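# Structural overview for review
Okay, here's what each chain looks like letter by letter:
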Amino acid sequence: AQSVTQLDSQVPVFEEAPVELRCNYSSSVSVYLFWYVQYPNQGLQLLLKYLSGSTLVKGINGFEAEFNKSQTSFHLRKPSVHISDTAEYFCAVIGTGGFKTIFGAGTRLFVKA
Amino acid sequence: AAGVIQSPRHLIKEKRETATLKCYPIPRHDTVYWYQQGPGQDPQFLISFYEKMQSDKGSIPDRFSAQQFSDYHSELNMSSLELGDSALYFCASSSGQGIAYEQYFGPGTRLTVT
């Protein structure tokens, strides 16, 4: 079984500042890792994913994440945020051979002017 | 590009009524997943289908059932609705069970039980 822990429920940050949203996972098998963004009253949109290969993954909207197997982490980063990045961000995993996505509780990113 | 279509987008039902939610996957996607997202909560996996067969099951109540049809669309049937069933129900689809593992999510159906 897999589980995902997002360490911060809310992250307030000023516009143009860097941000890191933390995600740790646990699993007895190899996993695939994902970050999704959910804007108010909208569905989930895939930001980026790690399947294999380079541990630094670049996604849409200037976001990137680094897979750290030893620390079982997959933290999301952006060097300079915009007001439009205000949204809920979900870290998720799928165990190899599995079908279902296990989501973390979400981190609400609030970008202030 | 075509996306996952869910209907209806909004649904209001009373306690003990039934509801049917529909999901139309992206063309040529053969796998469908259902998730439930309660207010302020993370999405919870309910059930998935691959090639019209149930492939995985999560925390789906016995009052709910689902199936995938020959055209790959899926329906989630919910009976004896309870207030706690009020949530956003997402459908996602993917192309097979292979390396993609990328699930494309629909906009969701917001179910309100009164």
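These remarks concern the structure in this document. These numbers come from a predicted model, not from an experiment.

## Some points on the overall build of chain B
When helices and strands are counted, chain B shows zero helices and eleven strands. Going from the N terminus to the C terminus, chain B shows its helices and strands as β-β-β-β-β-β-β-β-β-β-β. Taking 114 residues into account, the globule formula puts the C-alpha radius of gyration at 13 Å, and chain B, at 13 Å, falls close to it. Projected onto its principal axes, the C-alpha positions of chain B cover 40 × 25 × 25 Å. Counting over 114 residues, chain B shows a buried share of 49%. For chain B, the share of sequence-separated contacts (at least 6 apart) that also reach a separation of at least 24 residues comes to 54%. In the form shown here, chain B has an accessible surface area of approximately 5,500 Å², with 50% of it arising from carbon and sulfur atoms.

## Observations regarding the pairing of strand β2 (residues 10-14) of chain A
Residues and elements named next belong to chain A. Because side chains alternate across β2, one face comprises the buried residues V11 and V13, and the other comprises Q10, P12 and F14, none of which is buried. Strand direction decides the pairing type here: β2 and strand β12 (residues 107-112), joined by five bridges, are parallel. The residue of β12 that forms the bridge with V11 is L109.

## Some details on the sheet that holds strand β3 (residues 19-24) of chain B
Residue and element names in this part refer to chain B. The strand order across the open sheet formed by four strands is β1-β3-β8-β7, and the pairing between neighbours is antiparallel. Every other strand in the sheet has two partners, leaving β1 (5-7) and β7 (64-68) as the edge strands with one partner each. Averaged over neighbouring strand pairs, the angle between their axes works out to 15° when direction is ignored. Relative to strand β8 (residues 74-78), β7 runs antiparallel, the two sharing five bridges. Looking across to β8, one finds that A66 is bridged to L76.

## Structural notes on the pattern of salt bridges
Residue and element names in this part refer to chain A. If you walk through the whole model with that rule in mind, you get eight salt bridges over all chains. The shortest N-O distance in the salt bridge between E64 and K58 comes to 2.8 Å. As a salt-bridge pair, D85 and K78 come within 2.8 Å of each other at their nearest N and O atoms. In this pair, the class of D85 matches that of K78, namely buried. In the salt-bridge network here, residues are joined through shared partners; they are E20, E66 and R77.

## Structural notes on the interface of chain A and chain B
Listed by partner, the interface residues are 22 residues for chain A and 23 residues for chain B. A buried area of about 1,800 Å², summed over both sides, lies between chain A and chain B, and 57% of it is on carbon and sulfur atoms. When residues of chain A are sorted by the area they lose upon contact with chain B, A:L44, A:F99 and A:K100 head the list and together hold 36% of the total. In this structure, the connection of chain A to chain B is made through zero salt bridges. Applying the counting rule to chain A against chain B returns three residue pairs in polar contact (both at pLDDT 80 or more). Of all the elements in the fold, those that place two or more residues in the side of chain A that touches chain B are β5 (31-38), β6 (44-50) and β10 (87-95) of chain A. Considering every element that reaches the side of chain A that touches chain B, the biggest residue donor is β5(A), with four residues.

## With respect to the packing of aromatic side chains
When we look at a pair of aromatic rings, we describe it by the centre distance and by the angle of the planes. Applying the stated criterion across every chain yields a total of twelve aromatic pairs over all chains. Centre to centre, the rings of A:F103 and B:Y35 are 5.6 Å apart; their planes meet at 85°, and the pair counts as edge-to-face. Here the residue A:F103 occupies a position in strand β11 (residues 102-103), and B:Y35 occupies one in strand β4 (residues 31-37), the pair thus bridging two chains. A:F103 sits in the buried class, given a relative accessible area of 5%. For B:Y35, a relative accessible area of 0% corresponds to the buried category. Members of the aromatic cluster, joined through ring pairs, are A:F34, A:Y36, A:F90, A:F103, B:Y35, B:F45, B:F90 and B:F105.

The rules behind each value
Residues numbered from 1 in each chain as written. Chains lettered and ligands numbered in written order. Predicted model: local features only at pLDDT ≥ 70, side-chain atom pairs only at ≥ 80, totals over all residues. Heavy atoms only, no water. Helix = DSSP H or I, 4+ residues; strand = E, 2+ residues; numbered from the N terminus. Rg over C-alpha atoms; globule rule 2.2 N^0.38 Å. Buried < 20%, exposed > 50% of the residue type's maximum accessible area, 1.4 Å probe, protein only. Contact = heavy atoms within 4.5 Å. Areas by Shrake-Rupley, 256 points an atom, 1.4 Å probe, with all protein chains shown as cover. Pairing = 2+ DSSP bridges. Axes fitted to C-alpha atoms, helices over the stretch in contact; angles between N-to-C directions. Salt bridge = Lys/Arg side-chain N within 4 Å of Asp/Glu carboxyl O. Buried area = accessible area lost by both parts, 1.4 Å probe. Polar contact = N/O pair within 3.5 Å; in protein donor to acceptor, adjacent residues only side chain to side chain. Phe/Tyr/Trp six-rings, centres within 6.5 Å; stacked < 30°, edge-to-face > 60°.

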